[in-house]
Amino acid sequence: MKVEPVAVIGAGPAGLAAAMQLARMGISARLLERADPGGLLLNAHWVENYPGFPDGLSGPDLVRLMRRHAESFGAVLTKDEIVSIVDEDKVFRIKGRARNYLARRIVLASGTKARGPAGCEIPPEMEGRIHTEVVALREASGLRIAVVGAGDAAFDYAIGLSERNDVTLLKRSAGVRCLSLLRERAAKNACIDIRNHVNVLRLAPVPSGGASVCGTWKGSDFRLDVDAVIFAVGRDPETGCLSRELLENIPVLRASGRLFPAGDIHNGLCRQASIAAGDGIRAAMEIHRLMKEAGE
Ligand SMILES: Cc1cc2nc3c(=O)[nH]c(=O)nc-3n(C[C@H](O)[C@H](O)[C@H](O)COP(=O)(O)OP(=O)(O)OC[C@H]3O[C@@H](n4cnc5c(N)ncnc54)[C@H](O)[C@@H]3O)c2cc1C
């Protein structure tokens, strides 16, 4: 099997930027993505802090440009979900659902995964009806939607969905963890009902196919019947394809110039598309330098 000089895992902003810069520098990289390219950015209703776009643009539109940009230099995407990566004799053995790959270096741009609705009881038959991202509801209209959360993502989801739906934003406290700008926009929006001090404890199916959101509100019982529920209650690094050994070894592999985490996977609270893209470019440039030094 051919050993690729570089494999990029994930085609969100970090992976697309890395693939673009690698291709631009003449390095052929295998860009592996399990879903549609664009990653979490596909959920963003309106991006107004990506340098170069003073009027803002939607997340999906920015993704289209990023993808076109990477492809314009010859980056090619392979659709596959990576299930495991093993480091053997200075080569990474990458196992995908469709096929296997070998690579000398990896840009790990697999982003984050949504936290589950901790403390909320969800009957098994409802699992598939509960969302943690907005992509599946993008075309929804005329629905009653509950968004649970108090951060940037919860407010962005509420504002985007309110263009064609009635949204109730359920928050545990009166405080917010989002930009004041988003809070003000949501507060002024007649299609968003913000309910503070709601503790969501249980979801129950309703005959229409939606959900009954049950819990407490200021100590009393609370119940809200909706067509769809989105939990936006935090995200953790997506490292599912790494063995525990590889995960613990990341700092060593990074220092030896073989594995480069890029984007949200290692950016803590600084999870922004522009930072992720910059990370991808940096990883690609470091790889280029190392390959030149090694005469590869
Ligand atoms: C609602 C919302 C609004 C936002 N608004 C803004 C904004 O206005 N401005 C801004 O700068 N940022 C915004 N962001 C944040 C921005 O979307 C992220 O910072 C950015 O997408 C992170 O890029 P990334 O490439 O690191 O990870 P991701 O975008 O998460 O991409 C990771 C990719 O890796 C893939 N992947 C993971 N595991 C595997 C595997 N095992 N095999 C194959 N593929 C895999 C995933 O499918 C995904 O496509 C917003 C986010 C949300 C949720």
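Residues numbered from 1 in each chain as written. Predicted model: local features only at pLDDT ≥ 70, side-chain atom pairs only at ≥ 80, totals over all residues. Heavy atoms only, no water.

Engineer: Hey, could you run me through the site of the ligand in this one?
Structural biologist: With respect to spatial proximity, 35 residues lie near the ligand, and among them Glu33, Leu40, Asn49, Asp264 and Ala273 are the closest. Here a nitrogen atom of the ligand sits 3.2 Å away from a polar atom, N or O, in the main chain of Arg34. Within the contact set of the ligand, a nitrogen atom lies 2.9 Å away from a backbone nitrogen or oxygen of Ile82. For the ligand, the accessible surface in isolation is 1,000 Å², of which the surrounding protein chains cover 93%. Listed by contribution, the elements that provide at least two residues to the shell around the ligand are helix 1 (13-24), strand 2 (29-33), helix 3 (152-161) and helix 7 (273-293). The residue makeup of the shell around the ligand, split by class, is 15 nonpolar, twelve polar and eight charged. (Near = heavy atom within 4 Å. Polar contact = N/O pair within 3.5 Å; in protein donor to acceptor, adjacent residues only side chain to side chain. Areas by Shrake-Rupley, 256 points an atom, 1.4 Å probe, with all protein chains shown as cover. Helix = DSSP H or I, 4+ residues; strand = E, 2+ residues; numbered from the N terminus. Nonpolar A, V, L, I, M, F, W, Y, C, P; charged D, E, K, R; others polar.)

Engineer: What should I look at first to understand helix 7 in this one?
Structural biologist: Given 3.6 residues per helical turn, the α-helix brings residues three or four places apart onto the same face. Between the first and last C-alpha of helix 7 there are 30 Å, a value that for 21 residues agrees with the 30 Å anticipated at 1.5 Å per step. Buried within helix 7 we find Ala273, Ala276, Ala277, Asp279, Gly280, Ala283, Ala284, Glu286, Ile287, Leu290 and Met291. For helix 7, the secondary structure elements touched by its buried residues are strand 1 (3-9), helix 1, strand 6 (100-108), helix 6 (250-255) and strand 17 (259-261). Once helix 7 finishes, Gly295 follows within two positions and takes phi at roughly 65°, a positive value. (Expected span 1.5 Å × (residues − 1). Buried < 20%, exposed > 50% of the residue type's maximum accessible area, 1.4 Å probe, protein only. Contact = heavy atoms within 4.5 Å.)

Engineer: How should the packing of helix 1 against helix 2 (residues 59-72) be read in this particular structure?
Structural biologist: Any two packed helices are characterised by the angle at which their axes cross and by the distance between the axes. At their nearest, the axes of helix 1 and helix 2 sit 8 Å apart, and the two run at 25° to each other. Considered as vectors, helix 1 and helix 2 are oriented roughly parallel to each other. For the pair helix 1 and helix 2, the crossing hand works out as left-handed. Residues Pro13, Leu16 and Met20 of helix 1 form the contact with helix 2, whose own contacting residues are Met66, Arg67, His69 and Ala70. Partitioning the contact of helix 1 with helix 2 into residue classes produces five nonpolar, one polar and one charged. (Axes fitted to C-alpha atoms, helices over the stretch in contact; angles between N-to-C directions. Parallel < 35°, antiparallel > 145°, perpendicular 65-115°, else oblique. Left-handed = near helix turned anticlockwise from the far one by under 90°.)

Engineer: Just checking my understanding: could you explain the nonpolar core for this structure?
Structural biologist: In a soluble, globular protein the nonpolar side chains are often hidden away together inside. With 36 residues, the main nonpolar core has Val6, Leu22, Leu41, Tyr50, Leu62, Val107 and Ile287 as its most contacted residues. Among the secondary structure elements, those contributing two or more residues to this core are strand 1, helix 1, helix 2 and helix 7. Aside from chain neighbours lying at most four places away, what touches Val6 is Leu22, Ile27, Ser28, Ala29, Arg30, Ala103, Arg105, Val107 and Ile287. By size, the runner-up hydrophobic cluster in this structure holds 20 residues, among which are Ile159, Leu182, Ile230 and Ala232. (Core = buried A, V, L, I, M, F, W, Y, C linked by side-chain atoms within 4.5 Å.)

Engineer: It is not clear to me how the packing of aromatic side chains should be interpreted in this structure. Could you clarify?
Structural biologist: One pair of aromatic rings is described through two measures. These are the centre distance and the angle between the planes. Per the counting criterion, the structure on display carries one aromatic pair. Consider the rings of Tyr50 and Phe53, whose centres lie 6.2 Å apart with planes at 50°: the pair is tilted. When its relative accessible area of 17% is taken as the criterion, Tyr50 is described as buried. When the ring centre of Phe92 is taken as reference, the NZ or CZ atom of Arg258 above it lies at 4.5 Å. (Phe/Tyr/Trp six-rings, centres within 6.5 Å; stacked < 30°, edge-to-face > 60°. Lys NZ or Arg CZ within 6 Å of the ring centre and 35° of its normal.)

Engineer: Help me understand helix 2 in this model?
Structural biologist: A rise of 1.5 Å per residue sets the reference length of helix 2, with its 14 residues, at 20 Å; its end C-alpha atoms lie 20 Å apart and thus fit the reference within 8%. Listed as buried for helix 2 are Gly59, Pro60, Leu62, Val63, Met66 and Ala70. Each buried residue of helix 2 lies within a common arc of 155° when the element is viewed along its axis, so the set occupies one face. Of the exposed residues in helix 2, the ones pointing more than 90 degrees away from its buried face are Arg64, Arg68 and Ser72. On the buried face of helix 2, the contacting elements are helix 1. Two or three places before Asp61, at the start of helix 2, stands the capping residue Ser58, its side-chain oxygen 3.1 Å from that residue's backbone nitrogen. Gly74 lies just past helix 2 and shows a positive phi near 100°. (Arc of directions from axis to C-beta.)

All quantities given are derived from atomic positions and should not be read as evidence of function.
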